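Each chain, written out:
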Amino acid sequence: MNELETLKDKFAKTSDKNKIALIDEIVEKGEENYQFLRDFLLSNPEEVSPLKGKIYQVLKHSNHPENETFLNQHFPQGIVQLSSEKNIDYSELQELLIAKKYQEADSLTRVKLCELAGETAIRRKWVYFTEVEKFPETDLLTIDTLWQTYSEGKFGYQIQRQLWLSLGKDYTQLWTKLKWKSGNKWTKYPQEFIWDLSAPIGHLPLSNQLRGVRVMDALLSHPAWQK
Ligand code: UYC
């Protein structure tokens, strides 16, 4: 086996997490390997994953005409299907996350939550926990899938929920884990938050705690995640 075949063999046999780490290496072996990544994106069309999200980002930012043609033909907006029960358009959120513009995506996510809650929340610019409880599962799953898919599985509400459950629903410990607090000092918005993939798992998206924990609690307890 040549070096590339060895690499592809390793890729086939390892976990998705390790596969993600191998993508850049595969690309470095030569442009002909883009074909391998394009084929991978077409496999199991029903399935989206952080691995496919990473491959999409690499192809998208490759400045390679064949990749551009391929993506325009098969996935013009991205790989996540933007389902909404409220006719909300998530395409800009998908664009920002593909481009790893996590800070803008974080702000836009809060705007989308307000849109989900309706006119009064849009004017208020933040949501009540009673509104969050009524969010459709479809829309929360779309938002969460977007975050997860384009962050190598690092960001999103379900990741935050898993951490929260593993800590026995203890918010004090969760803030520390997410780096939303160090010692007894709150992390300052926006300058002290980390807006790239060097952040701790679950760091984004943010939920402001100025008005208490109930919005975050309603998000993490939502029936959307019970499936
Ligand atoms: N901010 O400290 N936050 C704001 C966070 C707190 C405060 C926005 C997160 C603690 C004020 C976002 C943390 C606190 C404003 C976040 C955090 C505090 C503001 C954008 C760690 C003081 C401006 C807008 C838990 C001790 C006034 C929004 C305002 C904004 C996020 C102060 C996303 C995760 C308790 C004064 N902070 N926030 O509200 O109302 O969505 O916007 O959490």
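Given the structure is predicted, the values throughout are model-derived calculations rather than measurements. Numbering of residues starts from 1 in every chain and runs along the sequence as written. Local features in this predicted model are restricted to residues whose pLDDT is 70 or higher, and side-chain atom pairs enter the listing and the counts only when it is 80 or higher, whereas totals over whole chains, interfaces and linings include all residues. As a convention, hydrogens and water are excluded, and side-chain values are obtained from all of the structure's heavy atoms.

## Topic: the UniProt feature "domain: GUN4-like" (unreviewed entry) in the protein
Rules: UniProt positions are given in the numbering used here, feature names are shortened, and annotations may be inferred rather than shown by experiment. Secondary structure is summarised from DSSP: a helix means a run of H or I of at least four residues, a strand means a run of E of at least two, and numbering begins at the N terminus for each.
Mapped onto this numbering, the UniProt entry gives "domain: GUN4-like" (unreviewed entry) at residues 84-223. Annotation note: span residues 84-223, helix share 51%, strand share 3%, distance between end C-alpha atoms 16 Å.

## Considerations on the site of the ligand
Here is the rule we go by: A cutoff of 4 Å decides nearness: a residue is near a molecule or strand if any of its heavy atoms lies inside that distance of it. Under this definition, polar contacts are N or O atom pairs within 3.5 Å; protein pairs additionally need one hydrogen-donor-capable and one acceptor-capable atom, and for neighbouring residues in sequence, both atoms have to be side-chain atoms. Using a 1.4 Å probe, the Shrake-Rupley method yields the accessible areas, and only the shown protein chains count as cover for residues.
Taken together, Arg-110, Trp-180, Trp-186, Thr-187, Tyr-189, Phe-193, Ser-207, Asn-208, Gln-209, Leu-210 and Arg-211 form the complete shell of residues around the ligand. With respect to the ligand, the side chain of Arg-110 contributes an N or O atom lying 3.3 Å from an oxygen atom. A distance of 3.0 Å separates an oxygen atom of the ligand from a polar atom in the backbone of Thr-187. For the ligand, whose accessible area on its own is 780 Å², the fraction buried by protein is 66%.

## A look at the nonpolar core
Our working definition: Nonpolar core, defined: a set of buried Ala, Val, Leu, Ile, Met, Phe, Trp, Tyr and Cys residues in which side-chain atoms within 4.5 Å join the residues together. Using a 1.4 Å probe on the protein chains alone, a residue whose accessible area is under 20% of its type maximum counts as buried, one over 50% counts as exposed, and one in between counts as partly exposed. Where each domain starts and ends comes from a domain assignment, either automatic or drawn from a database. Throughout, a contact is declared for two residues whenever any of their heavy atoms are within 4.5 Å.
Residues Leu-41, Leu-113 and Leu-174 are the most contacted members of the largest nonpolar core, which totals 62 residues. Broken down by element, this core gets its largest block of residues, six residues, from helix H7 (residues 102-117). Both domains that meet at this core, namely domain 1 (3-74) and domain 2 (100-226), each give it at least three residues. Sequence-distant contacts of Leu-113, that is, excluding residues within four places in its chain, are made with Val-127, Phe-135, Leu-140, Ile-143, Tyr-157 and Leu-219.

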